[in-house]
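So you can see what is in the structure, the chains are spelled out below.
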Amino acid sequence: MGMLALRRLMAAQRDRRRRRKAQARHGAITSMAKRKGTFLRGGDSSQGAKRLRYSGPYLTEDIWRHIHSLMPLRDAARAACVSQAFLRSWRRYPNLILTTETLGLEQKKHWKVHMARYFTRVDHILKNHSGIGVKRFQLVCGRRKLICRLNNWLQIAISSGIEEITLSLPSEYSFPCSLLSGGSGRSLQHLELVNCAFRPMAGLGCSRNLTKLHLHSVLITDDELACFLSECFALKHLDLSYCRELVYLKIPCLLEQLSYLNVDLCHLQMIESKAPKLSSLIYSGNLIELSLGQSSQVKTLDINFYDKTNFLCYVITKLQNIVPNLESFTIYSDDEVQQGGMKHDSASGDTTTNLRTMPGHKHERLKEVMIIGFCSATSMVELTCHILENTTSLETITLDAVCDVHDLENIGRCCTTTIRKTGSCYPLRREMILEAHRGVMAIERYIRGKVPSNVELTVRESCTWCHDLERLDALEKENGSHYSPPHLKLEDISLLLKPV
């Protein structure tokens, strides 16, 4: 129920009040108010404030509290200003999502002034809250000067019955795990901590019902995380990013419900998982050792290695036995294609290239293959030929020589279709346009002849409008040497293998 519905309800009460004015003089309305509740506009009734009588069906305080909890934060606060019933429930409002957006604060030029207003409103809301009934609590507080006040805020909001906590904290701050002990965290299902230290102890008792854990830029050691995870029997989703103290990530077999694991730039050396139902693994960072168990059920694997050039062959040969049930596979390589120049051996030259083969690695479940950002790297050509020669169920293969981040629908260049919602193609630098041409040459020379007759091959070249070199030369001449298209922000190569 929003503010519009509340205004309509109050207008209806005014109409009924006029119609029953005569009855009100004889006291009938007074007895009705005792039975069915009262709306209050303005200040306290002892000061002669104007009352609005509620003459609809009787609603208990729990129902009013539930209606109030369904309102967005700003509407809930406004409703509390015009209704005694909502004012009482405001002190137990369950969804404390305290962001600049929910508080209705527009971004100002002066950031310090903007954040000062934000913290003032947060302080006012929490000081007027009873600390009872909070289900969701979200707060952004990155200022070191507010650490003392932050402790008080957390003590108010984190209480028995809380289900979701999302906090962005000062880097010097250590999250007080004691707030989650003694039964306060038994109902916790979602915990997300950003930019702080997290030092959980054994027997904390807050992780038994936890289903989602997200730690971003959090200081936590291998032993501390292992200790915390040892009691997360209901955990389904684990997301770790920029946790620089982690070296060895060990997922115990007790995590029987864990299905999703995302690890991003944690400087790990090894990931060992014994979780029996882990089906999706996403990893970005340095080359590491993966141990997923002999009976790994991982079906979706996304990998981005930052320090391994020409690693496509490594992926094919090393991961085959690690993920035997793989169905969807996405790999990214920042080093296979470079903006400033080629670091890999190109297969599009005039000399004959001896392509390596990897016999014995069969893919019997793949139906569709798409390579976005196909380049002339020898390893890329070898990988594509390997797929064509060892995938018996393959039906279609799409080789896109351009990583077009504007093509959100993944339907091709703007010069070949009129149904793109994003307009023109993503602008590329000269070297990337030339590499796209070399990639198409490699396809024609080494790949097209190996495509089986029952497999459909689609080759996407660079756009004749947006990636025209003559047009690029004209723009450079018009704008001088300072003109250049923006760098490609996303990864340059994405290989997607889809199952039958």
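Residues numbered from 1 in each chain as written. Predicted model: local features only at pLDDT ≥ 70, side-chain atom pairs only at ≥ 80, totals over all residues. Heavy atoms only, no water.

As recorded by an unreviewed UniProt entry, the protein carries the name At1g61320/AtMIF1 LRR domain-containing protein and is attributed to Oryza sativa subsp. indica.

1. Considerations on the packing of aromatic side chains
Within the structure shown, the criterion is met by six aromatic pairs. Where Trp-64 meets Phe-86, the ring centres are 5.6 Å apart and the plane angle is 80 degrees; that geometry is what we call edge-to-face. Taken together, the residues span a long stretch of sequence, with Trp-64 in helix H4 (residues 61-69) and Phe-86 in helix H6 (residues 84-90) at a distance of 22 residues. By relative accessible area, Phe-86 is classed as buried at 0%. Members of the aromatic cluster, each reached through a chain of ring pairs, are Tyr-118, Phe-119 and Trp-153. (Phe/Tyr/Trp six-rings, centres within 6.5 Å; stacked < 30°, edge-to-face > 60°. Helix = DSSP H or I, 4+ residues; strand = E, 2+ residues; numbered from the N terminus. Buried < 20%, exposed > 50% of the residue type's maximum accessible area, 1.4 Å probe, protein only.)

2. What about the pairing of strand E7 (residues 212-216)?
Relative to E7, strand E6 (residues 190-194) runs parallel, the two being bridged by five bridges. Paired with Leu-191 across the two strands is Leu-213, which belongs to E7. Pairing between E7 and strand E8 (residues 237-241): five bridges, direction parallel. Bridge assignment links Leu-215 to a residue of E8, and that residue is Leu-240. In the classification by handedness, the crossover that spans E7, the intervening helix H9 (residues 222-229) and the parallel E8 is right-handed. (Pairing = 2+ DSSP bridges. Right-handed = clockwise from strand over helix to strand, strands pointing away.)

3. Notes on the nonpolar core
In terms of nonpolar packing, the biggest core is built from 84 residues, with Leu-98, Phe-137, Leu-139, Phe-175, Phe-198 and Leu-215 touching the most fellow members. When residues of this core are assigned to their parent elements, the largest contribution, six residues, is made by helix H7 (residues 111-127). Membership of the second largest hydrophobic core comes to 22 residues, among which are Cys-375, Leu-383, Ile-397 and Val-451. (Core = buried A, V, L, I, M, F, W, Y, C linked by side-chain atoms within 4.5 Å.)

4. Overview of the pairing of strand E5 (residues 164-168)
Looking at chain direction, strand E4 (residues 136-140) and E5 are connected through five bridges and run parallel. Residue pairing in the sheet places Val-140 in a bridge with Ser-168 of E5.

5. Quick word on the sheet that holds strand E9 (residues 248-251)
Pairing within the open sheet is parallel, and its three strands lie in the order E9-E11-E13. A single partner strand is all that each edge strand has here, and the edge strands are E9 and strand E13 (289-291). Geometrically, the sheet is characterised by an average inter-axis angle of 5 degrees between neighbouring strands, direction not taken into account. The pairing of E9 with strand E11 (residues 270-273) spans four bridges and is classified as parallel. (Axes fitted to C-alpha atoms, helices over the stretch in contact; angles between N-to-C directions.)

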